[in-house]
Amino acid sequence: LTVPTISIIMRKVYGVAAASHFAPEGHTIMWPTAEMGALPVESGVAVAFKALLESLPEAEREIKRKELEAKFAERLDPFPRGHSFSVHELIIPTETRPYLCDWIDSIW
């Protein structure tokens, strides 16, 4: 016998914390405002482009960092993320309560 669980991803979830929402028997829904991935964009750019950023003159460094962050932030669209992370439903926030009520009715 298992206890039914549901996760609602509303804002930001990264790394191992993101993986914890996807149990084999769990159910996961996500709001369009959700961000998920291995690392936040800012941290990923800081690590992956450290050598490049440090090689630039200080006046150009901040401009390039913001440019790279903007480029990768475009990929935070929740639709492909939800699909690749096996989210069951992408719902608008106002649908959360009715969705949860229907879900509880369906599991009991």
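Just so you know, these numbers come straight off a predicted model, no measurement behind them.

A. Here's a closer look at the overall build of the protein chain. The number of helices and strands found in the protein chain is 6 helices and 5 strands. When the helices and strands of the protein chain are read in sequence order from the N terminus, they spell out β-β-α-β-β-α-α-α-α-β-α. Here the C-alpha radius of gyration of the protein chain, 18 Å, is well above what a compact globule of 108 residues would show, namely 13 Å. Looking at the protein chain residue by residue over its 108 residues, the buried ones come to 27%.

B. Geometry of the pattern of salt bridges. Scanning the entire structure with this criterion turns up 3 salt bridges. For the salt bridge of Glu62 with Arg65, the shortest nitrogen-to-oxygen distance reads 2.1 Å. Residue Glu62 and its partner Arg65 are both found in helix H4 (residues 58–73); the two are separated by 3 residues, about one turn of the helix. What makes Glu62 partly exposed here is its relative accessible area of 38%. Here Lys64 and Glu67 are joined by a salt bridge, their closest N and O atoms 3.1 Å apart. Highlighted residues: Lys64 and Glu67, both in helix H4, separated by 3 residues, approximately one helical turn. Classification of Lys64 as partly exposed rests on a relative accessible area of 25%. The structure contains a network of salt bridges with shared partners spanning Glu62, Arg65 and Glu69.

C. Quick peek at the confidence of the model for the protein chain. With 91% of its residues at a pLDDT of 70 or more, the protein chain shows a mean pLDDT of 84. When mean pLDDT is taken per element in the protein chain, helix H6 (residues 96–107) scores highest with 94 and helix H5 (residues 78–84) scores lowest with 63.

D. Structural context of the packing of aromatic side chains. Under the defined criterion, the tally for this structure stands at 1 aromatic pair. Measuring from centroid to centroid gives 5.9 Å for Phe49 and Phe72, while their planes differ by 40 degrees, and the two rings are tilted. Within this pair, whereas Phe49 is found in the loop between helix H2 (41–48) and helix H3 (50–55), its partner Phe72 is found in helix H4, the two being separated by 23 residues in sequence. What makes Phe72 partly exposed here is its relative accessible area of 25%.

E. Inspection of the nonpolar core at higher detail. One finds Ile9, Val13, Ala18, Met30, Ala34, Met36 and Val87 forming the largest nonpolar core, which totals 7 residues. Discounting residues that sit within four places of it in the chain, Val13 has contacts with Ala18, His21, Glu35, Met36 and Gly37. With 6 residues, the next largest nonpolar core counts Val41, Leu53, Leu56 and Leu76 among its residues.

F. Quick look at H6. With 12 residues, H6 ought to run about 16 Å at 1.5 Å a step, and its terminal C-alpha atoms sit 16 Å apart, in line with that. Among the residues of H6, those classed as buried are Thr96, Tyr99 and Trp103. Down the axis of H6, the sector holding all buried residues measures 65 degrees, keeping them to one side. Of the exposed residues in H6, those oriented more than 90 degrees away from the buried face are Arg97, Asp102 and Asp105. Residues of H6 that are buried make contact with strand S1 (6–9), strand S3 (27–30) and strand S5 (89–90).

The rules behind the values
- Residues numbered from 1 in each chain as written.
- Predicted model: local features only at pLDDT ≥ 70, side-chain atom pairs only at ≥ 80, totals over all residues.
- Heavy atoms only, no water.
- Helix = DSSP H or I, 4+ residues; strand = E, 2+ residues; numbered from the N terminus.
- Rg over C-alpha atoms; globule rule 2.2 N^0.38 Å.
- Buried < 20%, exposed > 50% of the residue type's maximum accessible area, 1.4 Å probe, protein only.
- Salt bridge = Lys/Arg side-chain N within 4 Å of Asp/Glu carboxyl O.
- pLDDT = per-residue confidence, 0-100.
- Phe/Tyr/Trp six-rings, centres within 6.5 Å; stacked < 30°, edge-to-face > 60°.
- Core = buried A, V, L, I, M, F, W, Y, C linked by side-chain atoms within 4.5 Å.
- Contact = heavy atoms within 4.5 Å.
- Expected span 1.5 Å × (residues − 1).
- Arc of directions from axis to C-beta.

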